[in-house]
Every structure is written in C-alpha cells, then in structure tokens.
Amino acid sequence: SANEGGKSLRKLFFSTLDLMLHTRGQADTMQLAKDLNRDILGIERIDGTNIAANKGHMVGYDAAYYGYLWSEVFSQDMFDTRFAKEGILNPKTGMDYRNMILRPGGSLDGAEMLKNFLGREPNQQAFLKSKGIEL
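Residues numbered from 1 in each chain as written. Predicted model: local features only at pLDDT ≥ 70, side-chain atom pairs only at ≥ 80, totals over all residues. Heavy atoms only, no water.

Engineer: What should I look at first to understand the packing of helix α4 (residues 67–86) against helix α5 (residues 91–102) in this one?
Structural biologist: Look at α4 against α5: their axes get within 9 Å of each other, and the N-to-C directions meet at 150°. One way to sum up the angle between α4 and α5 is to call them roughly antiparallel. Each of Met78, Arg82, Phe83 and Glu86 in α4 lies in contact with α5, whose residues at this interface are Lys92, Thr93, Asp96, Tyr97 and Ile101. The class makeup of the residues in the contact of α4 with α5 is four nonpolar, one polar and four charged. (Axes fitted to C-alpha atoms, helices over the stretch in contact; angles between N-to-C directions. Helix = DSSP H or I, 4+ residues; strand = E, 2+ residues; numbered from the N terminus. Parallel < 35°, antiparallel > 145°, perpendicular 65-115°, else oblique. Contact = heavy atoms within 4.5 Å. Nonpolar A, V, L, I, M, F, W, Y, C, P; charged D, E, K, R; others polar.)

Set out below in structure tokens:
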C-alpha cells in the first residue's frame, strides 16, 4: 500500500494538533502546527500558513480527531479476526456483527462490544500488519 506511512503520519499530526488545541487555554496555532509538522512529519511548514485555521475538523470535534485512527485499529482487528477467517459473506459472522456491534449502539461501552465480537480484548496487531509493520 503506497503512501500508508504518509497517510498515517498525517492523521497522527492532526490528532495531536487537535488534542493540543483543545487541552490548552490558549495556543499559537501557527507555531504549534509548525512545531508538530517538524516533529511528526519531519518537514518544515511554509511560513505564514495556518493549517489549523482552514481544517474544518479542528472545530466541533472537541479533541476527538484521534478517533479516526482508533476506528482503523478496531475495524482492521474485527476484519482480520472474524471476517477474513470466517468469510465476509458468512451469515453467522454478519449476524454476530449486527447483534454485538450494531444493535447495542451507544447502550454498551465500545470496548465491551468489541470484546464480545472478537472473543478477546481488541489489539493493534492487525492494524500494524495492514500498514506493513510486523512485530
């Protein structure tokens, strides 16, 4: 998967920026983005640009942008653990997904729903493997 590292680093950049912006009373958004760009992506931002000012996801998410990466971790774990092994069109697997993930909705903690569906605690192994990282 070409550019998986770059795409993941971009999400990590925005997740970190979002958390930092929403956990400080004040922030120099241009300087913060510039520092994070260098620290996370390893490249300098163009002076005078302010990515935080034009990224719509920085407003209204209330420091929840990191959820994008977590959703990838959990969805890859579910796919590799159940769907890839049992078949994506397997009726029992689909019904388990429906009953254990979709049906409870917000009435159960997400970690509990994942554990019910996976039959174990969720982990990041499948996600890392999908990014070409083997531990």
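Engineer: Help me out: how do you make sense of a nonpolar patch on the surface in this one?
Structural biologist: On the surface, a cluster of nonpolar side chains totalling about 290 Å² of accessible area is made up of Leu19, Tyr66 and Trp70. On the basis of relative accessible area, Trp70 is assigned to the partly exposed category, the value being 44%. (Patch = residues over 30% accessible without salt bridge, like charges linked within 9 Å, V, L, I, M, F, W, Y side chains within 5 Å. Areas by Shrake-Rupley, 256 points an atom, 1.4 Å probe, with all protein chains shown as cover. Salt bridge = Lys/Arg side-chain N within 4 Å of Asp/Glu carboxyl O. Buried < 20%, exposed > 50% of the residue type's maximum accessible area, 1.4 Å probe, protein only.)

Engineer: Please explain the nonpolar core as it appears in this structure.
Structural biologist: For soluble globular proteins, nonpolar side chains are generally found buried alongside one another. Core analysis: the biggest nonpolar cluster contains 11 residues, these being Phe13, Phe14, Leu17, Leu21, Leu32, Ala33, Leu36, Ile40, Ile51, Ala52 and Tyr65. For this core, the elements supplying multiple residues, two or more each, are α1 (4–21), α2 (29–41) and α3 (51–54). Among the nonpolar cores identified, the runner-up in size contains seven residues, and Phe83, Ile101, Leu114 and Phe117 belong to it. (Core = buried A, V, L, I, M, F, W, Y, C linked by side-chain atoms within 4.5 Å.)

Engineer: Where do I start with the side chain of Ser15 in this structure?
Structural biologist: Tracing the chain through its elements places Ser15 in helix α1. Among residues more than four places away in sequence, those in contact with Ser15 are Tyr65, Tyr66 and Leu69.

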